[in-house]
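What follows is each chain in one-letter form.
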Amino acid sequence: MECKNRMKYSIITINYNNKKGLEKTIKSVLSQTFKDYQFIIIDGGSTDGSDAVIKSYADHINYWVSEPDGGRYPAMNKGIKQATGDYLNFMNSGDTFHSSTVLEDITKMGFTEDIITGGFFDREKAIKHIIMPQEVTLLTMFKNTFNHQATFYRRELFQKRLYDENYIIQSDAKFNYLSIIHDNCSARIIDYIVADYDFNGISSNLSIVDKEWDRLLAELFPQRILKDYKSMYTPAEVPLVSLLPELKDAPSVQRWVYRFASFLLKCKKFVK
């Protein structure tokens with residue numbers, strides 16, 4: 001079935017020494033039933049044969065390069081500069097679209113917001129992570145992470161800024177904050193699983209995640225705002241936090257205690 005609301009996507013895949021994951025991602029992109037997309041692969045000069053994998057699919061790739069770069073965000077920025085689509089999606093090597101009809105389904109939905117974000121599936125734990133559709137506010141941004149594999153960004157957003165290459169993990173979070181909160185661009189959360197996420201990547205390193213998160217908040221927000229943020233993770237419905245004094249000055253630990261407690265509260269099997 002042909003989609004009436006035509007738009008073009010740029011799918012950007014970055015890779016470094018993940019040959020098997022890269023091929024899995026390539027096959028996922030090529031399996032999409034909606035074919036109006038540009039496929040870009042940025043390889044950081046891999047030495048594991050990734051370039052041979054890319055060459056074997058070269059007829060289906062619009063642009064690719066294999067050369068040393070500065071890491072994750074320099075590679076993503078390099079891909080952005082080659083993008084021509086209406087919306088950009090960053091599907092890193094090892095990650096895949098949740099189904100072959102994702103691009104077709106997103107197109108049929110007809111959304112026009114600057115940022116469209118859906119849910120993702122954790123293959124390792126077989127858990128779906130999805131934010132229930134809601135108005136995107138500062139509180140929404142504080143409580144949730146927009147997974148870039150499950151997000152579509154209007155290309156024009158990157159004409160104002162690229163990803164901050166001084167971060168290892170949290171630059172996409174910084175981009176989201178600046179675009180949505182500072183620039184007041186439009187955003188929509190959809191109840192739809194976009195991507196299957198590979199948690200074996202660097203984003204699973206929680207020590208880096210939390211360290212950069214605290215650094216990012218300090219960079220973007222004044223202390224009077226951060227006081228509200230820190231208190232948000234010690235609510236009355238999570239008594240464990242108030243019972244353990246050592247958590248008082250550990251906001252990153254508070255976050256994980258709060259998320260775990262919230263998860264338990266949402267599970268029906270824990271409700272009598």
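Residues numbered from 1 in each chain as written. Predicted model: local features only at pLDDT ≥ 70, side-chain atom pairs only at ≥ 80, totals over all residues. Heavy atoms only, no water.

Engineer: What is the right way to read the pattern of salt bridges from this model?
Structural biologist: If the charged atoms of two oppositely charged side chains come close together, the side chains can form a pair. Counted under the stated rule, the structure contains 8 salt bridges. Close ionic contact of Glu 104 with Lys 108 constitutes a salt bridge, the shortest N to O distance being 3.1 Å. Highlighted residues: Glu 104 and Lys 108, both in helix α4 (residues 102-109), separated by 4 residues, approximately one helical turn. One salt-bridge network, held together by shared partners, links Lys 160, Arg 161 and Asp 183. (Salt bridge = Lys/Arg side-chain N within 4 Å of Asp/Glu carboxyl O. Helix = DSSP H or I, 4+ residues; strand = E, 2+ residues; numbered from the N terminus.)

Engineer: Please explain the environment of Ser 46 as it appears in this structure.
Structural biologist: Tracing the backbone shows Ser 46 in the loop between β2 (37-43) and α2 (50-56). A C-alpha to C-alpha distance of 4.8 Å links Ser 46 and Asn 17, two positions 29 residues apart in sequence. Apart from the residues lying within four places of it in its own chain, the contact partners of Ser 46 are Asn 15, Tyr 16, Asn 17 and Ser 66. For Ser 46, the side chain forms a polar contact with the side chain of Asn 15, separated by 3.4 Å. Polar side-chain contacts of Ser 46 include one of 2.6 Å to the side chain of Asp 43. (Contact = heavy atoms within 4.5 Å. Polar contact = N/O pair within 3.5 Å; in protein donor to acceptor, adjacent residues only side chain to side chain.)

Engineer: For this particular structure, what's the right way to read the environment of Asp 114?
Structural biologist: Mapped onto the fold, Asp 114 is located in the loop between α4 and β6 (115-122). For Asp 114, a relative accessible area of 19% puts it in the buried group. Distance from Asp 114 to Arg 188, taken between C-alpha atoms, is 8.2 Å for residues 74 residues apart in sequence. Each residue touching Asp 114, except ones within four places of it in the same chain, is listed here: Tyr 87, Phe 152, Tyr 153, Arg 154, Leu 157, Cys 185 and Ser 186. (Buried < 20%, exposed > 50% of the residue type's maximum accessible area, 1.4 Å probe, protein only.)

Engineer: Which parts of the structure should I look at to understand unusual backbone geometry?
Structural biologist: For residues other than glycine, phi is negative in most cases, and the peptide bonds are mostly trans. Non-glycine residue Asn 17 carries a positive phi angle of around 50°. Tracing the sequence through the fold places Asn 17 in the loop between β1 (9-15) and α1 (19-30). On the basis of relative accessible area, Asn 17 is assigned to the partly exposed category, the value being 32%. A positive phi angle, close to 60°, is found at Asn 184, a residue other than glycine. You can see Asn 184 is positioned in the loop between α7 (171-182) and β9 (187-197).

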